[in-house]
Amino acid sequence: SKAHKLGSEVSRFMDGSACISALELEREWPGWTEDERRDFCQSCCWLSGQSDFPNMLRFIMEHSGPSEWSGVALSIAGAMPRDEAFDVLVRALKFTEIGRTANIGRAIAHTKHAQAETTLRRHLQEIWIHPALWDDDKFLNRVAFDAITCIAHLIELGAPSGDFVEQVRQLSKHQCSGNQGSCRNFLLKHYSWLV
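As the structure is a computational prediction, the values presented were derived from the model and not from experiment.

How each quantity is defined
- Residues numbered from 1 in each chain as written.
- Predicted model: local features only at pLDDT ≥ 70, side-chain atom pairs only at ≥ 80, totals over all residues.
- Heavy atoms only, no water.
- Buried < 20%, exposed > 50% of the residue type's maximum accessible area, 1.4 Å probe, protein only.
- Helix = DSSP H or I, 4+ residues; strand = E, 2+ residues; numbered from the N terminus.
- Contact = heavy atoms within 4.5 Å.
- Patch = residues over 30% accessible without salt bridge, like charges linked within 9 Å, V, L, I, M, F, W, Y side chains within 5 Å.
- Areas by Shrake-Rupley, 256 points an atom, 1.4 Å probe, with all protein chains shown as cover.
- Salt bridge = Lys/Arg side-chain N within 4 Å of Asp/Glu carboxyl O.
- Core = buried A, V, L, I, M, F, W, Y, C linked by side-chain atoms within 4.5 Å.

Because an α-helix completes one turn every 3.6 residues, residues spaced three or four positions apart along the sequence face the same direction. Buried residues of helix 11 (residues 177-187): Asn-179, Gly-181, Ser-182, Cys-183 and Leu-187, and no others. Where helix 11 is buried, its residues meet helix 9 (142-156) and helix 10 (165-172).

See below:
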């Protein structure tokens, strides 16, 4: 809908009208555009039933960058052995610009790895001192969004919500209205005063 600025795409992998193997992916990947690679990474979760799906994810993580990593992060958490997934995601987090880490942080939380909470707490500290954290934006300040989602994932991992009260209060008053809405959407169930 152009009027509502909304759209939806349905992957052909979802209905089974398209398929690809790990070997085909490795052969075809060099000829794909950035958009094709990103599209594949955002749609490949429907291939999770294939035995070679973990190899596809390993290939993508070795032959791409943060845009593609973000698209496959949750698939990595679900399809790869926990320790391997955690290591791969932590490495990706290290090389992804703050303001683009929300999906990777979510995937790290989904691994339920013993070091996930420590890793995300350290990441939140890095986000919190980022110079663009409090900048206004006509849509969404991505650095502040990373902070909001990181707090949500920490709480989901079992961190006490009381640990983040002051940060949530500040984020709920962010000058960007998009971030105020995101703060309510992600954290209202943990902080009733966000209503």
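From this point, the discussion proceeds with the structure in view.
Moving on, we come to a nonpolar patch on the surface. A cluster of nonpolar residues, Val-10, Met-14 and Trp-46, forms a patch on the protein surface that exposes about 330 Å² of accessible area. Assignment of secondary structure puts Trp-46 in the loop between helix 3 (34-43) and helix 4 (53-62).

Let's shift gears to the nonpolar core. Ranked by size, the top nonpolar core spans 55 residues in total, and within it Leu-25, Phe-40, Ile-76, Ile-151, Phe-164 and Leu-187 carry the most contacts. Top contributing element to this core by residue count: helix 9, with nine residues. Ignoring any residue separated from it by four or fewer positions in sequence, one finds Phe-40 in contact with Phe-13, Ile-20, Leu-25, Trp-29, Trp-32, Leu-47, Met-56 and Ile-60.

What follows deals with the environment of Ala-144. Position of Ala-144 relative to the elements: it lies in helix 9. Ala-144 gets classed as buried once you look at its relative accessible area, which sits at 0%. In this structure, the C-alpha to C-alpha distance between Ala-144 and Leu-154, residues 10 residues apart in sequence, is 15 Å. Not counting the four nearest positions on each side in its chain, Ala-144 is found in contact with Leu-133, Leu-171, His-174 and Asn-179.

Coordinates in, geometry out; function isn't part of it.
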